[in-house]
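# Coordinate analysis (summary)
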Amino acid sequence: MKVLVTGGAGYIGSHCLVELIQAGFEPVVFDNLSNASRESMARVEQITGQTVSFVQGDIRDAQALEGLFTAHRFDAVLHLAGLKAVGESVAKPLTYYDNNVVGTVRLLEAMTAHGCLNIVFSSSATVYGDPQTLPIDEAQPVGGTTNPYGTSKYQIERMLGDWAAATASARVIALRYFNPVGAHPSGLIGEDPQGIPNNLMPYVQQVAAGKLACLSVFGDDYDTIDGTGVRDYLHVVDLARGHLAALNKLAQMDPGKTAVNLGTGNGLSVLQLIHAFEAACGAPLAYKVAPRRPGDIAACYADPRFAQRWLGWSATLDLTAMCEDAWRWQSTNPSGYSPA
Ligand code: NAD
Ligand code: UFG
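Now for a quick tour of the structure.

Scoring rules and cut-offs
- Counting from 1, residues in each chain are numbered in the order their sequence is written.
- Chains and ligands are labelled sequentially in the order written, the chains with letters from A and the ligands with numbers from 1.
- Reporting in this predicted model follows two pLDDT cut-offs: at least 70 for local features of residues, and 80 or more for side-chain atom pairs to be given and counted; totals over whole chains, interfaces and linings ignore these cut-offs and use all residues.
- Only hydrogens and water are set aside when side-chain values are computed; all heavy atoms of the structure are taken into account.
- At least two DSSP bridges between two strands are needed for those strands to be called paired.
- Secondary structure elements are taken from DSSP: a helix is a run of H or I of four residues or more, a strand is a run of E of two residues or more, and numbering for both begins at the N terminus.
- Fitting a line to C-alpha atoms yields each axis, with helices limited to the stretch in contact; the angle taken between N-to-C directions then spans 0 to 180 degrees.
- Any two residues having at least one pair of non-hydrogen atoms within 4.5 Å are treated as being in contact.
- The near set for a molecule or strand comprises every residue that places at least one heavy atom within 4 Å of it.
- Polar contacts here mean pairs of N or O atoms no more than 3.5 Å apart (in protein, one a potential hydrogen donor and the other a potential acceptor; neighbouring residues in sequence count only if both atoms are side-chain atoms).
- Only the protein chains shown count as cover for residues, and all accessible areas are computed by the Shrake-Rupley method using a 1.4 Å probe.
- Gly is placed with the polar residues, together with every amino acid not listed as nonpolar (Ala, Val, Leu, Ile, Met, Phe, Trp, Tyr, Cys and Pro) or charged (Asp, Glu, Lys and Arg).
- Only protein chains enter the area calculation, which uses a 1.4 Å probe; residues under 20% of their type maximum are buried, those over 50% are exposed, and those in between are partly exposed.

## What about the sheet that holds strand β5 (residues 118–124)?
The strand order β3-β2-β1-β4-β5-β6-β11 describes an open sheet built from seven strands, whose pairing is parallel. Each edge of the open sheet is held by one strand with a lone partner, namely β3 (53–56) and β11 (256–262). Neighbour-to-neighbour, the strand axes of the sheet open up by a mean angle of 20°, direction not taken into account. In terms of strand pairing, strand β1 (residues 2–6) meets strand β2 (residues 26–31) through five bridges, oriented parallel. Paired with Leu4 across the bridge in β2 is Val28. The strands touched by helix α1 (residues 11–22) within the sheet are β1, β2, β4 (76–79) and β6 (171–177), with β2 carrying the most contacts at an inclination of about 165°.

Encoded structure:
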């Protein structure tokens, strides 16, 4: 099965490539390297022992897509390309709608023109906004998003639904990721954020490595187990395997669009995550309580039962593996993919 992987050079994409190659799929990566490095592809080749087919290009470039779909006959697309920084999306909304939404329009046009009608899309738990009940199942309302990044994911999901309804035989799976963390157990690939990380786990990793002085815990007065925010952290290798399950499901599902949560179902607080990481890296982490971060919600975790039932997928790697693998990647690649 030949699969186009947009955004395949990024954090989640590189982990998907390893699982795809090891399962015998033939991936072709299309990435503009706006938030990634070619080195991640070299590392995937090192892990798998196979050459990765890579094309540098932008999903908003119709001509580049035409060339790509003319050169390859894809059975399916894994669509991970997108910008993902919540704060930046508030400051630059048009950049986010252009890159994420317009980019997906161009991609769907190329797919339609070339008769490639199977797509797995990287959506996010952010489409649920502030959830009404926990755990969050797929029947909960979507669209109450609080920032342009989240809204772009919601709009793309709507568009994919409309496209599937209008296109006979089109099959769409929207994977609503909860909070991916960790790295490949080889320590060769992982998350390589540019500048100061926005997300908790990469920030924790850089405090542990001595690159950042102190973690700010955004709020300790939420209605949660210890007052700090609760999220559903899942190992990126589990997440990557969820994409494999989705690709296999495309061939068996009815035409149309289906959305699936990918999470563990376990809610974990910021303090719980910090303490688990301290155990993994063997040292205490400097942190202080700071005001709540605007736009944050108290708690968010998945009801993962539909993924289990429908995709036959569930998370298998625990919090210890998430922290140990993240620490292995961080400590052996202190500058990420850049030369030290
Ligand atoms: P990432 O930034 O590491 O990967 C995204 C990749 O897309 C990068 O390699 C980037 O260079 C590429 N890209 C961006 N715009 C592009 C364009 N116009 N054309 C071609 N390539 C482009 O991010 P990630 O964490 O691997 O996330 C992958 C996907 O999963 C994104 O769509 C993201 O929104 C979604 N997602 C991520 C999280 C998370 O916490 N990491 C959570 C939910 C959803
Ligand atoms: N947090 C801190 N300090 C930090 C960073 C985060 O205390 O320096 C806290 C947050 O307040 C929150 C928790 O850690 O309680 C997790 O925050 P992240 O920024 O790591 O993740 P979010 O749940 O806010 O959002 C992430 C992605 C979104 C995605 C969402 C659901 O950034 O793009 O998960 O998948 F939509």
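## Regarding the site of ligand 1
Around ligand 1 there are 27 residues in total, and Ile12, Asp31, Asn35, Lys84 and Tyr149 lie nearest to it. Contact distances for ligand 1 include 3.1 Å between a nitrogen atom and a side-chain N or O atom of Asp58. One nitrogen or oxygen atom from the side chain of Asn99 is found 2.9 Å from a nitrogen atom belonging to ligand 1. In isolation ligand 1 has 820 Å² of accessible area, and contact with the protein removes 95% of it. Looking at the shell around ligand 1, the elements with two or more residues in it are α1, β5 and α6 (148–166). For the shell around ligand 1, the element with the highest residue contribution is β5, accounting for three residues. Tallied by class, the residues present in the shell around ligand 1 amount to eleven nonpolar, eleven polar and five charged.

## Regarding the side chain of Asn333
Examined against the element boundaries, Asn333 turns out to sit in the segment after α11 (319–332). Asn333 gets classed as buried once you look at its relative accessible area, which sits at 9%. Setting aside anything within four residues of it in sequence, one finds Asn333 in contact with Arg43 and Gly187.

## Comments concerning the site of ligand 2
In the neighbourhood of ligand 2, 20 residues make up the surrounding shell, with Ser124, Asn199, Ser216, Arg231 and Asp296 lying closest. Contact between ligand 2 and Arg293: an oxygen atom at 2.8 Å from a side-chain N or O atom of the residue. Look at ligand 2: alone it shows 690 Å² of surface, and the protein chains cover 89% of it. If you tally residues by element for the shell around ligand 2, the top one is strand β8 (residues 215–218), at four residues. Taken together, the residues that form the shell around ligand 2 break down as ten nonpolar, seven polar and three charged.

## Some remarks on the side chain of His235
Of note, His235 is situated in strand β10 (residues 233–235). Among the polar contacts listed, one links the side chain of His235 to the backbone nitrogen of Val237, at a separation of 3.0 Å. Apart from the residues within four sequence positions on either side, His235 is in contact with Val181, Ala183, Leu317, Ala321, Met322 and Asp325.

## Describing the environment of Gln330
Along the polypeptide, Gln330 turns up in helix α11. Apart from the residues lying within four places of it in its own chain, the contact partners of Gln330 are Gln205, Gln206, Ala209 and Lys211.

Just distances and angles here, no functional claims.
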